[in-house]
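Spelled out, the chains give:
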Amino acid sequence: PVCLVHRAMSDVPVKTVLLLGKTGEGKSFIGNLILGRIVFVTSGASASVTQKCRKQSAVNLDFGTEFQVVDTIGFFFTSKCT
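Cut-offs applied
Residues numbered from 1 in each chain as written. Predicted model: local features only at pLDDT ≥ 70, side-chain atom pairs only at ≥ 80, totals over all residues. Heavy atoms only, no water. Helix = DSSP H or I, 4+ residues; strand = E, 2+ residues; numbered from the N terminus. Buried < 20%, exposed > 50% of the residue type's maximum accessible area, 1.4 Å probe, protein only. Contact = heavy atoms within 4.5 Å. Patch = residues over 30% accessible without salt bridge, like charges linked within 9 Å, V, L, I, M, F, W, Y side chains within 5 Å. Areas by Shrake-Rupley, 256 points an atom, 1.4 Å probe, with all protein chains shown as cover. Salt bridge = Lys/Arg side-chain N within 4 Å of Asp/Glu carboxyl O. Pairing = 2+ DSSP bridges. Polar contact = N/O pair within 3.5 Å; in protein donor to acceptor, adjacent residues only side chain to side chain. Lys, Arg positive; Asp, Glu negative; His and termini not counted.

Asks: Please clarify how the overall build of the chain should be interpreted in this entry.
Replies: Counting secondary structure elements, the chain contains one helix and four strands. Reading the chain from its N terminus to its C terminus gives the helix and strand order β-β-α-β-β. Counting the 82 residues in the chain, one finds 33% classified as buried. Look at the contacts in the chain between residues 6 or more apart in sequence, and 58% of them connect residues 24 or more apart.

Asks: Whenever I open this one, a nonpolar patch on the surface confuses me. Can you help?
Replies: On the surface, a cluster of nonpolar side chains totalling about 470 Å² of accessible area is made up of Leu18, Leu20, Phe75 and Phe76. Counting through the fold element by element, Leu18 comes out in strand β2 (residues 14-19).

Asks: I would appreciate a short explanation of the pairing of strand β3 (residues 54-60) in the present structure.
Replies: Note on strand geometry: in a regular strand, side chains alternate between the two faces of the sheet. Here β3 runs beside strand β4 (residues 65-71); their pairing, made up of seven bridges, is antiparallel. Across the sheet, the residue bridging to Val59 is Glu66, located in β4. Adjacent in sequence and paired antiparallel, β3 and β4 are bridged by four residues, among which Gly64 carries a positive phi angle near 65°.

Asks: What should I look at first to understand the side chain of Thr50 in this one?
Replies: Secondary-structure assignment places Thr50 in the loop between α1 (27-35) and β3. Polar contacts involving the side chain of Thr50 include one to the side chain of Asp71, which spans 3.3 Å.

Asks: How do you make sense of the pairing of β4 when you look at a structure like this?
Replies: Across the seven residues that make up β4, a large majority, seven, are buried. Residues Thr65, Phe67, Val69 and Asp71 line one face of β4 and the alternating positions Glu66, Gln68 and Val70 line the opposite face, and both faces are buried. Sheet topology places β2 next to β4; six bridges connect them, and they run parallel. What sits directly across from Leu18, in β4, is Val70.

Asks: Teacher, can you tell me more about the side chain of Lys27 here?
Replies: Position of Lys27 relative to the elements: it lies in helix α1. Despite its burial, Lys27 pairs with no opposite charge, the nearest such side chain being Asp71 at 5.8 Å. Setting aside anything within four residues of it in sequence, one finds Lys27 in contact with Leu19, Leu20, Gly21, Lys22, Asp71, Thr72, Ile73 and Gly74.

Asks: Looking at this model, I keep getting lost on the environment of Val49. Mind explaining?
Replies: Among the secondary structure elements, Val49 is positioned in the loop between α1 and β3. On a C-alpha basis, the gap between Val49 and Ser28 in space is 8.8 Å, while along the polypeptide they are 21 residues apart. Setting aside anything within four residues of it in sequence, one finds Val49 in contact with Val41, Thr42 and Ser43.

Shown next, in the form of structure tokens:
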């Protein structure tokens, strides 16, 4: 098991993960896995849920690293195209 603290610590290295991909491919789900908690809304369907980019952080005490995860709107998110 991975031990996570859900607040940033200034004395640990920071790794930023930018989640990119097509709409409905599971970016938010992967972000939740990396952070060890549910912070990004997900759906079982291949429809878009994420409406704007969001960043969340957690410190992994096993690795001594803070992970910042940025969830993005999917590629080919047609309802945002004009």
